[in-house]
Amino acid sequence: MKAIVRVMLKNGVLDPQGKAIEHALATLGFQGVEDVRAGKIIELSLAETDPERARASAEEMARRLLANTVIESFTVELAG
Amino acid sequence: MKAGIVVFPGINRERDMAIALTAASGARPRMIWHQERDLAGLDLVVLPGGFSHGDYLRCGAMAARAPVMEAVRDFAARGGYVLGVCNGFQILTEAGLLPGALLRNASLRFLSMDCHLRVERTDTAFAGHYQKHAVFRAPMAHGDGNYFADAATLDRLEGEGLVGFRYAMPDGAITPEANRNGSQRNIAGIYSANLRVLGLMPHPEDLVDPLMGGTDGKPIFDALAATFAPRSRAA
């Protein structure tokens, strides 16, 4: 079973990478980009086949390592 | 002083730290591999600068989960003294030994230059050889030194006097211009509640000899050596 962990900086935490991308898009002539936030996607291939246990396990991994919950929030999505 | 320096893969400032500690105390520190767990007999554990595990995922994230860090956590809980510089500071926050986090520099630039630090309190084992509000020069070399914590944590740090060092102008003024990496409230270094764990972003260990261009950072190591000297003599 695949678990996709999406890690984003929390609202209110300065995201200088997002800002740099925003400026570069404006330089390229893209109009109307009001905000850009950059994050990470981590794909986990898990041996677990039970969706509930897979989700719980991926969430625990996110809490303990994949995200730093002082500055980041995460979501877990299961796929196949 | 019996000091130990933890060596993680990708760390590169451990020898600089050893030179500074040896010069101050006359005793060579023990190098501790990140998979070791034995810190017995040490007065001070140092997490040096560098790029542990290639800074993958987040700076210090992997190192903070290394076997040695369980021992460092126990050591700190028993009142042991811990110094984390640069990547070492990042590792201490990732390990939860100090609050907050170090984000990408606000400019997105890697900063390799001298900065000036103002000493916010001197009644600690680390800062006792500086005058209060003294300003000293320190090299910095980091891409992720932008100290962040939520407002409640920042207020608690300020209220409890746990901000140890701030980025300052050479005259001591705390200004946005002095704060090159964008840290909240110009914070360059913070203490734990018992004042025995210090995380510091710039590198005092790289200014401890006239041959390095100055001795501005030497008082930190002299103060540590003095803290532990009486006990060493008694033993």
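The residue numbering used here restarts from 1 in each chain and proceeds along that chain's sequence as written. To read the labels, note that chains go from A and ligands from 1, taken in the order they are written. Two thresholds apply to this predicted model, a pLDDT of at least 70 for residue-level local features and 80 or more for giving and counting side-chain atom pairs, whereas whole-chain, interface and lining totals are computed over all residues. Excluded from the side-chain calculations are hydrogens and water; all other atoms, namely the structure's heavy atoms, are used.

Draft legend 1. Local environment of the overall build of chain B. Helix and strand counts for chain B stand at five helices and 11 strands. Radius of gyration: C-alpha atoms only; globule rule: 2.2 Å multiplied by the number of residues to the exponent 0.38. Whereas a compact globule of 235 residues would reach a radius of gyration of roughly 18 Å, chain B reaches 16 Å, a difference of no more than 12%. C-alpha extents for chain B along the principal axes are approximately 45 × 40 × 35 Å. Counting the 235 residues in chain B, one finds 57% classified as buried. By definition, residues are in contact when any of their heavy atoms lie within 4.5 Å. Contacts in chain B between residues at least 24 apart in sequence constitute 73% of all its contacts with a sequence separation of at least 6. Helix and strand assignments follow DSSP, with helices taken as H or I runs no shorter than four residues and strands as E runs no shorter than two, numbered in order from the N terminus. Burial classes: relative accessible area under 20% of the type maximum marks a residue as buried, over 50% as exposed, and values in between as partly exposed (1.4 Å probe, protein chains only).

Draft legend 2. The side chain of S192 of chain B, seen in detail. All names here are of chain B. For S192, the location among the structural elements is in the loop between β10 (187-191) and β11 (197-200). A relative accessible area of 11% places S192 in the buried class. A polar atom in the side chain of S192 sits 2.7 Å from the side chain of N194. N or O atoms within 3.5 Å of each other form a polar contact, as long as, within protein, one can give a hydrogen and the other can take it, and as long as residues adjacent in sequence are counted only when both atoms are side-chain atoms. Within the structure, the side chain of S192 is placed 3.4 Å from the backbone nitrogen of R196, a separation counted as a polar contact. Setting aside residues up to four positions removed in sequence, S192 forms contacts with L98, L162 and V197.

Draft legend 3. Region of the structure containing the pairing of strand β7 (residues 135-142) of chain B. Residues and elements named next belong to chain B. Counting buried residues along β7, six of its eight residues qualify, which places the element largely inside the surrounding structure. For two strands to be treated as a pair, DSSP must find no fewer than two bridges joining them. Note that strand β6 (residues 111-119) and β7 share eight bridges and pair antiparallel. When the bridges of β7 are listed, S112 appears paired with A141.

Draft legend 4. Structural context of a nonpolar patch on the surface. Any residue with relative accessible area above 30% and no salt bridge may belong to a patch, with like charges joined within 9 Å and the nonpolar Val, Leu, Ile, Met, Phe, Trp and Tyr side chains within 5 Å. Accessible areas in this description were obtained via Shrake-Rupley with a 1.4 Å probe; residue shielding takes into account the shown protein chains only. One speaks of a salt bridge when a side-chain nitrogen belonging to Lys or Arg is within 4 Å of a carboxyl oxygen belonging to Asp or Glu. Among the surface-exposed residues, L28, F30 and V33 of chain A lie close enough to one another that they form a single nonpolar patch of about 310 Å² accessible area. Positionally, F30 of chain A belongs in the loop between α1 (16-27) and β2 (39-45).

Draft legend 5. Summary view of the pattern of salt bridges. All names here are of chain B. As enumerated under the stated definition, the model contains 23 salt bridges over all chains in all. Residue R37 pairs with E70 through a salt bridge whose shortest N-O separation is 3.4 Å. A residue pair is termed long-range when its members are at least 10 positions apart, and R37 in the loop between β2 (30-33) and β3 (44-47) and E70 in helix α2 (residues 67-77) qualify at 33 residues. Classification of E70 as partly exposed rests on a relative accessible area of 45%. In this structure, R137 and D114 form a salt bridge, with 2.6 Å as the shortest nitrogen-oxygen distance. Placement of the pair is R137 in strand β7 and D114 in strand β6, with a sequence separation of 23 residues. Judged by relative accessible area, which is 39%, D114 ranks as partly exposed. By sharing partners, the salt bridges in this structure join R118, E120, D155, E158, R166 and R185 into a single network.

Draft legend 6. Broad picture of the sheet that holds strand β1 (residues 2-9) of chain A. Residue and element names in this part refer to chain A. Judged by pairing direction, the sheet is antiparallel, and its three strands sit side by side in the order β2-β1-β3 without closing on themselves. What marks the edges here is a single partner per strand, and that holds for β2 and β3 (72-79). Recorded for the sheet is a direction-independent mean angle of 20° between the axes of neighbouring strands. In terms of strand pairing, β1 meets β3 through eight bridges, oriented antiparallel. Looking at the pairing, V5 lines up with V76 of β3. Here the axes come from fitting lines to C-alpha atoms, over the contacting stretch only for helices, and the angles between their N-to-C directions go from 0 to 180 degrees.

Draft legend 7. Representation of helix α1 (residues 14-25) of chain B within the structure. Residues and elements named next belong to chain B. What a helix is expected to span follows from its residue count: subtract one and scale by 1.5 Å. With 12 residues, α1 should reach 16 Å at 1.5 Å per residue; the first-to-last C-alpha distance of 16 Å fits that figure. Listed as buried for α1 are E14, M17, A18, A20 and L21. Looking straight down α1, one finds its buried side chains confined to an arc of 165°; they lie on one side. Pointing more than 90 degrees away from the buried face of α1 are the exposed residues R15 and A23. A positive backbone phi angle near 80° is found at G26, which sits one or two residues after α1. The reported arc concerns the directions from the helix axis to the C-beta atoms and nothing else.

Draft legend 8. Region of interest: the interface of chain A and chain B. Across the contact, 17 residues belong to chain A and 14 residues belong to chain B. Between chain A and chain B lies a buried interface of about 1,200 Å² when both sides are counted; carbon and sulfur atoms form 68% of it. In terms of surface lost to chain B, no three residues of chain A exceed P16, L65 and N68 of chain A, which account for 36% of the buried area on that side. Between the two partners, chain A and chain B, sit one salt bridge. Simply put, the buried area is the total loss of 1.4 Å probe accessible area from both parts when two parts are fitted together.

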